[in-house]
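# Examining the three-dimensional arrangement
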Amino acid sequence: SGQIDVAVGLSIDSISQLDDAGYHADIYSAPYIMAWPFISVESTNPDSPFTDKRVRQAANYAVDKDNIVQNLLNGNGFAAGQGATRQTFGYNPDVVAYPYDPDKARALLAEAGLPNGFEMAVELLPGNFPADSDIYQQVAQDLGKVGIDVEVRAITFADFLGKCCTGKAVGFPEDV
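### Structural notes on the overall build of the chain
- Looking only at helices and strands, one finds six helices and two strands in the chain.
- When burial is assessed residue by residue, the chain has 34% of its 176 residues classed as buried.
- Partitioning the contacts of the chain with sequence separation of at least 6, the portion at a separation of at least 24 is 70%.
- If you sum the accessible surface of the chain, you get close to 10900 Å²; carbon and sulfur atoms cover 50% of it.

Next comes the structure, spelled out in structure tokens:
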């Protein structure tokens, strides 16, 4: 209707819909890292495959992060290689994202004694990032291609908060 000047939290699809309707959307992105913190699994499940560095590396090589940025975020963003954003103290420009290399991922899993991969479940809170549900599914699909069969479980913010406050794992494999 042309009656709005500022909109916050538009989905990626909404931006193209606005442009197609003759309106203009300027994107001002906020620095944010979207990650599945597999590295912290050791403290919550000592039997997790992710206690092995090679498995964590395999998961990183398995995910086509550039594809996600280009096709699910319409080029808005970049593949991150660390938990700090470019605007954050401590950011190291020499630490780059793992390249997409599913063959290397499979080789690392085999080295770790998991040539046939493994199954896992991940609890995630949808609705926090643009296209996050699509991204979660794409990551699960990429991991599945190298043998890491992921069941993505959406949880509510109340469940997420409860698990954070009680020290229970959130976003970690639990059915290994």
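Having seen the structure, we can now continue with the description.
### Describing the nonpolar core
- Grouped together as the largest cluster of nonpolar side chains are 27 residues, with contacts concentrated most on Leu109, Phe118, Met120, Leu143, Ile148 and Val150.
- Looking at this core, the elements that each hand over two or more residues are α2 (53–62), α4 (102–111), β1 (118–124), α5 (132–145) and β2 (148–154).

### What about α4?
- Listed in full, the buried residues belonging to α4 are Pro102, Ala105, Leu108 and Leu109. All buried residues of α4 fall inside an arc of 115° around its axis, so they share one side. Looking at α4, the residues exposed on the side facing more than 90 degrees away from the buried face are Asp103 and Glu111.
- With its phi angle positive at about 85°, glycine 113 sits one or two positions after the end of α4.

### Considering the pattern of salt bridges
- For the coordinates displayed, the defined rule picks out three salt bridges.
- Measuring nitrogen to oxygen at the nearest pair gives 2.7 Å for the salt bridge that ties aspartate 52 to arginine 54.
- A residue is classified by how much of its surface remains accessible, and arginine 54, at 29% relative accessible area, is partly exposed.
- Measuring nitrogen to oxygen at the nearest pair gives 2.9 Å for the salt bridge that ties aspartate 103 to arginine 106. Within this pair, aspartate 103 and its partner arginine 106 are both found in helix α4, separated by three residues, close to a single helical turn.

### Quick look at the confidence of the model for the chain
- The share of residues in the chain with pLDDT of 70 or more is 81%, and the mean pLDDT across the chain is 82.
- Confidence drops under pLDDT 50 across residues 39–43; counting only partners more than four residues distant or on other chains, this segment forms nine contacts.
- Segment residues 170–176 is flagged for pLDDT under 50; beyond a separation of four residues in sequence, or across chains, it makes 32 contacts in the model.

### Let's talk about the pairing of β2
- In this structure, β1 lies alongside β2, joined through seven bridges in parallel fashion. From the neighbouring strand, glutamate 123 faces β2, where its bridge partner is arginine 153.
- For the crossover from β1 across α5 to β2, the handedness is right-handed.

### Structural notes on the packing of aromatic side chains
- Applying the stated rule across the entire model yields two aromatic pairs.
- The interplanar angle of 80° and the centroid separation of 5.5 Å between the aromatic rings of phenylalanine 50 and phenylalanine 118 together place this pair among those described as edge-to-face. Here the residue phenylalanine 50 occupies a position in the loop between α1 (12–20) and α2, and phenylalanine 118 occupies one in strand β1, the gap between them amounting to 68 residues.
- With centroids separated by 4.9 Å and ring planes inclined at 85°, the aromatic side chains of tyrosine 61 and tyrosine 98 adopt a geometry described as edge-to-face. Taken together, the residues span a long stretch of sequence, with tyrosine 61 in helix α2 and tyrosine 98 in the loop between α3 (65–72) and α4 at a distance of 37 residues.

Conventions used here
- Residues numbered from 1 in each chain as written.
- Predicted model: local features only at pLDDT ≥ 70, side-chain atom pairs only at ≥ 80, totals over all residues.
- Heavy atoms only, no water.
- Helix = DSSP H or I, 4+ residues; strand = E, 2+ residues; numbered from the N terminus.
- Buried < 20%, exposed > 50% of the residue type's maximum accessible area, 1.4 Å probe, protein only.
- Contact = heavy atoms within 4.5 Å.
- Areas by Shrake-Rupley, 256 points an atom, 1.4 Å probe, with all protein chains shown as cover.
- Core = buried A, V, L, I, M, F, W, Y, C linked by side-chain atoms within 4.5 Å.
- Arc of directions from axis to C-beta.
- Salt bridge = Lys/Arg side-chain N within 4 Å of Asp/Glu carboxyl O.
- pLDDT = per-residue confidence, 0-100.
- Pairing = 2+ DSSP bridges.
- Right-handed = clockwise from strand over helix to strand, strands pointing away.
- Phe/Tyr/Trp six-rings, centres within 6.5 Å; stacked < 30°, edge-to-face > 60°.

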